[in-house]
Amino acid sequence: MKTPAHLLRRSAIALAAMMSLTSAAKASDFSEPWRDGDRALVVDAYEYNSIDWAQLSTDKRVVGFINKASDGLPPPYFCYGDETTVKLCKTLWKRYAVTRELFQTRKVVAKALGLKWGAYHLARPGNPVEQANNFIDFAEPAPDDLLALDLEGNDPTQWMSLEDAEEFVRQVHRRLGRFPILYTNGKTAQYIADNRYQYRLLSRLPLWYARYKPDIDVHFPMGNWQGYALWQFSAQANCGRLRCPYRVAGTPNDIDVNVAPMDAATLRQQWPFGGLIDVPPDYLASIPVPVSRAAGLAGKVTITYADVATPPTVEEMVAVIGARWQTFRAAFRMPVVKTVPRRARFGIAEYVAWKRTAYRSEALLEAAFSQAADPVSTASTELVRER
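Now for a description of the structure that goes with this document.

Conventions used here
Residue indices follow the written sequence of each chain, beginning from 1 at its first position. Side-chain atom pairs in this predicted model are given and counted only at pLDDT of 80 or more, local residue features only at pLDDT of at least 70, and totals for whole chains, interfaces and linings cover all residues. Each side-chain value is derived from all of the structure's non-hydrogen atoms; neither hydrogens nor water enter the calculation. Aromatic rings from Phe, Tyr and Trp, taking only the six-membered ring of Trp, are treated as a pair when their centres fall within 6.5 Å; an angle between ring planes under 30 degrees marks them as stacked, one over 60 as edge-to-face, and anything in between as tilted. Elements are defined by DSSP. Helices are runs of H or I of four residues or more, strands are runs of E of two residues or more, and each kind is numbered from the N terminus. Classification of residues uses two cut-offs on accessible area relative to the type maximum, computed with a 1.4 Å probe and protein chains only: under 20% is buried, over 50% is exposed, and between them is partly exposed. Working rule: Lys NZ or Arg CZ, within 6 Å of ring centre, within 35 degrees of ring normal, means a charge sits over the ring. Any carboxyl oxygen of Asp or Glu that lies within 4 Å of a side-chain nitrogen of Lys or Arg is treated as forming a salt bridge with it. Note on disulfides: each one is a pair of cysteine sulfur atoms within 2.5 Å. When DSSP finds two or more bridges between two strands, those strands count as paired.

This part is about the packing of aromatic side chains. A full pass over the atoms with the stated rule returns 19 aromatic pairs. Consider the rings of Tyr183 and Trp208, whose centres lie 4.8 Å apart with planes at 75°: the pair is edge-to-face. One end of the pair, Tyr183, is in strand β5 (residues 181-185); the other, Trp208, is in strand β6 (residues 207-210), and 25 residues separate them in sequence. The two residues Tyr183 and Trp208 agree in class, both being buried. Ring pairs connect the aromatic residues Phe30, Trp34, Tyr209, Phe220, Tyr228, Trp231 and Phe233, which therefore count as one cluster. Here the guanidinium or amino end of Arg100 rests over the ring plane of Phe138, the centre of that ring lying 5.9 Å away.

In structure tokens, the structure reads:
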């Protein structure tokens with residue numbers, strides 16, 4: 001049976017459309033973007049990852065290297081207690097010193113090879129301000145070094161709570177004048193995005209997204225995030241000896257590899273981020289701009305929206321009500337009455353002098369009274385004298 005020519009043409013058009021859609025999906029930054037040779041890559045490692053720097057430098061797509069810096073709080077400064085406790089304390093200090101030395105060595109080597117450098121802090125339960133100080137003191141970041149807060153989960157018994165994470169970010173900004181980026185998984189990122197009015201800092205940090213799937217379009221948390229700064233797409237979870245999304249020369253299978261939604265030149269320009277992302281206009285906090293009747297009847301009118309003030313939060317309303325209540329209470333308080341000084345002669349001139357001194361020291365008061373005692377210095381006596 002022969003197929004009609006018009007059906008063949010339709011089939012060819014449909015096939016071409018499907019191929020076009022497939023290639024468009026593959027080119028998306030939410031679907032295997034590492035297959036695009038123009039997309040920049042970033043390696044992140046911790047102290048137990050082995051690195052062959054000579055081989056790594058042969059991969060020209062690798063633009064940056066992010067290394068683990070601090071982990072929670074620093075070890076105690078003094079070691080005391082029983083023998084076991086002291087031994088454990090000394091072991092922690094030795095590990096801390098060796099890790100920091102390796103970190104600084106890697107920083108020198110990476111920068112010498114022309115790589116952008118970054119550091120991340122593994123967030124643990126505990127004082128967030130002290131952890132931020134530990135991170136900064138450990139990493140000793142240069143102005144162009146990327147900083148990242150690593151939130152592995154949303155369980156405050158195992159990891160830093162989101163409330164403490166906000167305070168960690170504030171302390172980093174207090175000391176350095178810039179913000180870290182946020183590393184987290186899809187579940188935690190979704191929770192922050194859904195509660196972005198509560199976590200106003202975390203939800204606006206550039207997102208370092210960890211998800212080991214080829215497509216993340218339907219899983220991406222959105223909210224304030226319209227995209228990611230980095231996507232950790234390859235790790236020990238999905239990279240083995242036989243199969244791996246991407247292998248970086250000179251690194252083991254368990255190395256973490258990240259892709260950026262931009263080319264190498266753009267990533268170098270935007271590195272180390274350090275700012276807050278722009279918040280998209282809230283649909284509920286915007287109103288349509290009116291159009292004229294003539295324009296509406298003519299058609300082809302584009303509806304634009306004007307931003308208005310976002311609804312106040314509960315905390316803001318409580319603060320305003322508290323301030324208004326304090327003002328209301330103050331209106332019913334009796335004013336403080338200053339006792340008029342007792343003097344043998346205390347007329348209108350002395351009263352004016354007393355008011356002008358604003359009830360200050362006795363020396364100023366006596367000087368003012370002496371001046372006021374001269375009847376020529378007052379307008380009223382001048383008028384009397386003229387009469």
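On we go from here.
Moving on, we come to the environment of Gly186. The topology assignment puts Gly186 in helix α6 (residues 186-194). Owing to a relative accessible area of 13%, Gly186 belongs among the buried residues under this scheme. In the structure, Gly186 is positioned 25 residues away from Arg211 in sequence and 6.5 Å away in space, judged by C-alpha atoms.

What follows deals with the pattern of salt bridges. Going through the model one piece at a time under the given rule, you end up with 13 salt bridges. The closest approach of N and O atoms between Lys68 and Glu47, which form a salt bridge, is 3.9 Å. Residue Lys68 is found in strand β2 (residues 62-71), and its partner Glu47 is found in the loop between β1 (41-45) and α2 (53-56); the two are separated by 21 residues along the sequence. Overall, the relative accessible area of 7% leaves Lys68 in the buried class. Of the charged contacts, one joins Arg170 and Glu166 as a salt bridge, the two residues approaching to 3.6 Å between their closest N and O atoms. Of the two residues, Arg170 and Glu166 are both situated in helix α5 (residues 162-176); the distance of 4 residues between them amounts to about one turn of the helix. Here Arg170 falls in the partly exposed class, since its relative accessible area comes to 34%. A relative accessible area of 5% means that Glu166 is categorised as buried. Here the residues in one salt-bridge network are Glu47, Lys68, Asp71, Arg95 and Arg124, joined through shared partners.

So, about the state of the cysteines. Across all of its chains, the model carries 2 disulfides by this definition. With its sulfur 2.0 Å from that of its partner, Cys79 forms a disulfide with Cys89. Across the disulfide from Cys79 to Cys89, rotation about the S-S bond amounts to roughly -70°, and the bridge is consequently left-handed. Linking Cys79 in the loop between β2 and α3 (83-112) with Cys89 in helix α3, this pair joins segments that are 10 residues apart in sequence. Taking relative accessible area as the criterion, Cys89 reaches 7% and is therefore assigned buried. Between Cys239 and Cys244 runs a disulfide, and the two sulfur atoms are separated by 2.0 Å. With the S-S dihedral at roughly -105°, the linkage between Cys239 and Cys244 falls on the left-handed side. In terms of burial, Cys239 and Cys244 fall into one category: buried. Here the bonded cysteines of the protein chain are numbered in sequence order, and their pairing is 1-2, 3-4.

Burial runs high along strand β7 (residues 230-234): 5 of the 5 residues are buried. Where β6 meets β7, 3 bridges bridge the pair, whose relative direction is parallel. From the neighbouring strand, Tyr209 faces β7, where its bridge partner is Trp231. For β7 and strand β8 (residues 256-259), the ladder comprises 3 bridges, and the chain directions are antiparallel. Across the sheet, the residue bridging to Ser234 is Val257, located in β8.

Fair warning: the whole summary comes from geometry, so function is off the table for now.
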